[in-house]
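What follows is each chain in one-letter form.
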Amino acid sequence: MKKNKLAAVLSLITLVFLSNVQAKETTEDESINPFTEQGRENIWNKAKYNISETWNSDTYDLYIPFYAWHNRLTYDDEHIDKYNEEAWGLGIGKYRYDKDGDWHGLYAIAFKDSNSYLETMFGYAYQKNWFVNCNRDFRVGLGFTVGVTQRHEYSYIPVPLPLPIAGVEYGRFAIQAAYVPGVKNDGNVLFTWFRYRIN
């Protein structure tokens, strides 16, 4: 039950974040309230556009999940000792950069979870990028991902997964991470992966 409530809260946070992104992209005289019908429609149309444009791109990313750090401030030693943190896996995705240099990706990843079972993730991700020292090959960014995950303890039933992400990129290589919030001895995991631009 706690996990269902957490998923609902994360979904609301993601909606608010998306609405803020949309609000910034409107002109100054278009101050559309994201909680009105018109505001929601604009957010939905923007999301459909970004997902469609990314899906129709002919550029691909390779994902290599490698580490899942459990926050020591929220876990006792007994749980830390029994959990797997080497989250090795593999994934593939499509990506594109928009006119501002921000990254959009669609991905499918499979990896070893904290209990050493197979876990999968499918979704859309967005990362707002900033260039370091005006070097267009070196970027840092913050963003979000919205998708679903399938885990052994849920009998592999898809569960919504809206999460914040951050990343550092140089040339074709990137390291990205998503933080999974949670409660005592559950959640509060920093999930990290390598990403390589195939083309």
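## A word on unusual backbone geometry
Okay, step 1: Backbone geometry at Ser155 places phi at a positive 55°, although glycine is not the residue there.
Okay, step 2: Positionally, Ser155 belongs in the loop between strand 5 (135–150) and strand 6 (159–170).
Okay, step 3: A residue is classified by how much of its surface remains accessible, and Ser155, at 57% relative accessible area, is exposed.
Okay, step 4: In this model, Asn185 sits at a positive phi of 60°, which is unusual for a non-glycine residue.
Okay, step 5: With respect to the helices and strands, Asn185 occurs in the loop between strand 7 (173–180) and strand 8 (189–197).

## Looking at the packing of aromatic side chains
Okay, step 1: What the rule picks out here adds up to eleven aromatic pairs.
Okay, step 2: Note on Tyr75 and Tyr83: the rings are 5.8 Å apart at their centroids and 85° apart in plane angle, and the pair reads as edge-to-face.
Okay, step 3: Residue classification places Tyr83 among the buried positions, given a relative accessible area of 18%.
Okay, step 4: Among the aromatic residues, those joined into a cluster by ring pairs are Phe66, Trp88 and Phe194.
Okay, step 5: We note Lys94 situated over the ring of Trp55; from NZ or CZ to the ring centre the distance is 5.0 Å.

What counts, and where the lines are drawn
- Residue positions are given per chain, counting from 1 as you read along its sequence in written order.
- For this predicted model, a pLDDT threshold of at least 70 governs which residues receive local features, and a threshold of 80 or more governs which side-chain atom pairs are given and counted, while totals over whole chains, interfaces and linings are taken from all residues.
- Heavy atoms throughout the structure, all of them, feed into the side-chain values; hydrogens and water do not.
- Numbering of helices and strands runs from the N terminus; a helix is a DSSP stretch of H or I covering at least four residues, while a strand is a stretch of E covering at least two.
- Exposure is judged per residue with a 1.4 Å probe applied to protein chains only, and the accessible area is read against the type maximum: over 50% gives exposed, under 20% gives buried, and values in between give partly exposed.
- Ring pairs are drawn from Phe, Tyr and Trp, using the six-membered ring of Trp, whenever the two centres fall within 6.5 Å, and their geometry is named by plane angle: stacked under 30 degrees, edge-to-face over 60, tilted for the rest.
- Geometrically, a charge over a ring is one whose NZ (Lys) or CZ (Arg) sits within 6 Å of the ring centre while staying within 35 degrees of the ring normal.

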